[in-house]
Amino acid sequence: MTLQPVRGTKDHLFEEAQHFQWIKDVCAHQATLGGFRRIETPIFEFTEVFHRLGESSDIVTKETYTFEDRGGESITLRPEGTAPVVRAVISNGLTQKLPLKFFYAAPMFRYERPQKGRYRQFHQFGVEFMGADQPLVDVEVMALGYGTLKALGIEKKVTLKVNTLGDKHSRSSFTKALVDYLTPLKDQLSEDSKTRLAKNPLRILDSKSPQDQEILKGAPTLAQHLTPEAKSYFDQVVEGLDALEIPYEIDTKLVRGLDYYCHTAFEFVTEDLGSQGAVIAGGRYDGLCEDLGGPALPSVGWAMGIERAQLLSQLPEQEPQDCYVVPVEDGDFASAQRLVMELRREGLHAQMFYKGALKKQLKKIDQQGAAWALIYGETEREEGGVMARHLPSGKQEFVSLKDLPHVLRKGELQ
RNA sequence: GCGGGUGUAGCUCAGUUGGUUAGAGCGCCAGUUUGUGGCACUGGAGGUCGCCGGUUCAAUUCCGGUCACUCGCCCCA
């Protein structure tokens, strides 16, 4: 095994590939029901698109795949989907037609240490609701997340955690209060949190270190610093979730590191994936568009880790519908191929093997999990039909070519 | 980026207290006669014991490094 895929990447084969596609289909269907439109953006952007947004984020500073192209431009493989969508909105002058509702399913790239549910090329399905600043929009977006998880059959394995980051004023006054509280206690903080204190203080709140959490017990809370408007906004979000009977927990330690995030932050998390528990993560990012140099564009969205959803879900069983035409003698292969093509023209799934004795072919067909073996030798040709063998039931009878499409579609004999 | 665990046939794993031809189950291939799969029986192919180096008369077995997977930390717009 010397020829391996690049670390942190994987091949999706057979059922796994189908499962993967099924998740994307289910997600796209749910989003489409809500009027979201598909958007496809390039797999890479000018590095600046990501760097302008995330100087304090490790994803941007340490985890991007960044390279200079042959024209000397600095290019970055997208590590997430929101910034490219907002960039596309600006580039295409779409801010005249608000609100905008987009969804995407696309590969993302982060140079991280691979783990279960964490790859260097991974895939996200995401939705963005842009140009609306009402609390009920946040509720709709979360409801879409919940509905999508339900459609995947995994809503019971996840918990919706919700928090508010407040508006700009709440946020900056809280951040300042937190830093003021923690700075004298700096020596007692974990090494990681000492760094966070300077770089990204809010991230100390979700530290896993017990000593950090102990210190935080006496810390100021965001609730104390919420402006009346921000508090009212969050109250309406919570009431909206109650009204739609979407189960949730308020988690005051759920934060976002970047400044353009405000108000609602949420995650659908699971206990089943070890330390990679977030299946869907999202929030309101009213400041992002301006940070990118565009107009104000209040927006909210989320992204689902498709691989993580895949680990939690199961591809529904599908009835086999394939059929194989089975030539008997060496001279029967050409006519068998003609029959295969005729069946395909009828819209049926048809194929054949191009070698092997009858017995051998039947064995392989059975292993493929196909529904039908259509034995087509000299006898059948003369009588204008096939010996149709239904593999799951083991029943077999002669069917005329005229009746064949009908029988195959029905999926059973008689 | 840091720490722990693992790495033997296509898959799941045994085994070697260092010593001649490394095993099982499943899977795969062929056959059990002649136009019929799943079951059974018989036979067969398939491994430089992850890779590189060290110790040793001798290493798949001990040691080091490396790569990969995995768990935790980190990160998680």
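Residues numbered from 1 in each chain as written. Chains lettered and ligands numbered in written order. Predicted model: local features only at pLDDT ≥ 70, side-chain atom pairs only at ≥ 80, totals over all residues. Heavy atoms only, no water.

**Focus on the domain arrangement of chain A**
Next up, step 1: By domain assignment, chain A separates into domain 1 (14–167 + 227–312) and domain 2 (323–410).
Next up, step 2: Centre-to-centre, using C-alpha coordinates, domain 1 lies 48 Å away from domain 2. (Domains from an automatic or database assignment.)

**Section: the environment of A198**
Next up, step 1: Summarising the element assignment, A198 is placed in helix α7 (residues 191–199).
Next up, step 2: Sequence-wise, A198 and T183 are 15 residues apart; in three dimensions their C-alpha atoms are separated by 9.6 Å. (Helix = DSSP H or I, 4+ residues; strand = E, 2+ residues; numbered from the N terminus.)

**Topic: the sheet that holds strand β5 (residues 100–109)**
Hydrogen bonding along the main chain pairs the strands of a sheet, whether they run parallel or antiparallel.
Next up, step 1: Ordered in space as β1-β5-β6-β11-β10-β9-β7-β8, the 8 strands form an open sheet in which the pairing is mixed. Edge positions in the sheet fall to β1 (37–38) and β8 (249–250), since each of these pairs with one other strand and no more.
Next up, step 2: Alignment of strand β7 (residues 158–164) against β8, held across 2 bridges, turns out to be parallel. Paired with K161 across the bridge in β8 is E249.
Next up, step 3: Its contacts with the sheet put helix α5 (residues 135–151) on β5, β6 (121–130), β7, β9 (262–270), β10 (278–284) and β11 (299–305), and the angle it makes with β11 is roughly 15°. (Pairing = 2+ DSSP bridges. Contact = heavy atoms within 4.5 Å. Axes fitted to C-alpha atoms, helices over the stretch in contact; angles between N-to-C directions.)

**Quick look at the packing of α5 against helix α10 (residues 228–243)**
Next up, step 1: Running from amino to carboxyl end, α5 crosses α10 at an angle of 40°, the nearest separation of the two axes being 8 Å. One element, α5, and the other, α10, form an angle in the oblique class. Note on packing geometry: the crossing formed by α5 with α10 is right-handed. Contact residues: α5 offers P135, L136, D138, V139 and M142, while α10 offers Y233, Q236, V237, G240 and L241.
Next up, step 2: Partitioned by chemical class, the residues of the contact of α5 with α10 number 7 nonpolar, 2 polar and 1 charged. (Parallel < 35°, antiparallel > 145°, perpendicular 65-115°, else oblique. Left-handed = near helix turned anticlockwise from the far one by under 90°. Nonpolar A, V, L, I, M, F, W, Y, C, P; charged D, E, K, R; others polar.)

**Regarding the protein's contact with RNA strand B**
Next up, step 1: As a structural note, the neighbourhood of RNA strand B is formed by 43 residues, with R196, Y261, K360, D366 and T379 the closest of them.
Next up, step 2: Here RNA strand B approaches the protein such that, of its atoms within 4 Å, sugar and phosphate make up 55%.
Next up, step 3: One of the side-chain N or O atoms of Q115 is found 3.4 Å from a base nitrogen in RNA strand B.
Next up, step 4: Those elements that provide at least two residues to the surface near RNA strand B are α3 (58–61), α7, α14 (358–367), α15 (378–383) and β15 (385–390).
Next up, step 5: Taken together, the residues of the surface near RNA strand B sort by class into 11 nonpolar, 11 polar and 21 charged. (Near = heavy atom within 4 Å. Polar contact = N/O pair within 3.5 Å; in protein donor to acceptor, adjacent residues only side chain to side chain.)

**Describing the sheet that holds strand β16 (residues 395–400)**
Next up, step 1: Taken in spatial order, the 5 strands of this open sheet run β13-β12-β14-β15-β16, and their pairing is mixed. Edge positions in the sheet fall to β13 (350–351) and β16, since each has one partner strand and no second.
Next up, step 2: As paired strands, strand β12 (residues 323–327) and strand β14 (residues 372–376) are joined by 5 bridges and run parallel to one another. Considered in β14, the bridge of V326 is made with I375.
Next up, step 3: Where α14 meets the sheet, its contacts fall on β12 and β14, and the angle it forms with β12 comes to roughly 170°.

**Things to note about the layout of surface pockets**
Next up, step 1: Here the second largest pocket defines a volume of roughly 600 Å³.
Next up, step 2: As for the second largest pocket, its lining consists of 17 residues, of which E15, Q18, Q318, Q368 and G369 are closest to the centre.
Next up, step 3: Of all the elements, helix α1 (residues 14–33) adds the most residues to the lining of the second largest pocket, at 5 residues.
Next up, step 4: In terms of residue class, the lining of the second largest pocket is made up of 5 nonpolar, 7 polar and 5 charged.
Next up, step 5: When residues of the lining of the second largest pocket are assigned to domains, at least three map to each of domain 1 (14–167 + 227–312) and domain 2 (323–410). (1 Å grid on protein atoms, 1.4 Å probe; cavity = no way out; pocket = protein on both sides within 12 Å on 5 of 7 lines; lining within 4 Å. Points joined across faces, edges and corners; volume = space filled by probe spheres on them.)

**Describing a negative patch on the surface**
Next up, step 1: On the surface, E329, D330, E378, E382 and E383 cluster together into a negatively charged patch.
Next up, step 2: With respect to the helices and strands, D330 occurs in the loop between β12 and α13 (333–345).
Next up, step 3: D330 gets classed as exposed once you look at its relative accessible area, which sits at 72%. (Patch = residues over 30% accessible without salt bridge, like charges linked within 9 Å, V, L, I, M, F, W, Y side chains within 5 Å. Areas by Shrake-Rupley, 256 points an atom, 1.4 Å probe, with all protein chains shown as cover. Salt bridge = Lys/Arg side-chain N within 4 Å of Asp/Glu carboxyl O. Lys, Arg positive; Asp, Glu negative; His and termini not counted. Charge placed at Lys NZ, Arg CZ, Asp CG, Glu CD. Buried < 20%, exposed > 50% of the residue type's maximum accessible area, 1.4 Å probe, protein only.)

**Observations concerning the packing of α1 against α5**
Next up, step 1: One can describe the packing of α1 onto α5 by two numbers: an axis separation of 9 Å at closest approach and a directional angle of 140°. Relative to α5, the element α1 is oriented oblique. In the crossing of α1 with α5, the sense of the turn from one axis to the other is right-handed. Contact residues: α1 offers W22, V26, C27, Q30 and A31, while α5 offers L144, G147, T148 and A151.

**Section: the pattern of salt bridges**
Next up, step 1: A complete count under the given rule lists 16 salt bridges for this structure.
Next up, step 2: Among the ionic pairs, E48 bridges to R52, the shortest N-O distance being 3.5 Å.
Next up, step 3: Among the residues examined, E48 registers a relative accessible area of 49% and is labelled partly exposed.
Next up, step 4: Across the pair R284 and D138 runs a salt bridge whose closest N-O atoms are separated by 2.7 Å. With R284 in strand β10 and D138 in helix α5, the pair connects residues that are 146 residues apart, well separated along the chain.
Next up, step 5: Overall, the relative accessible area of 0% leaves D138 in the buried class.
Next up, step 6: By sharing partners, the salt bridges in this structure join D138, R284 and D286 into a single network.

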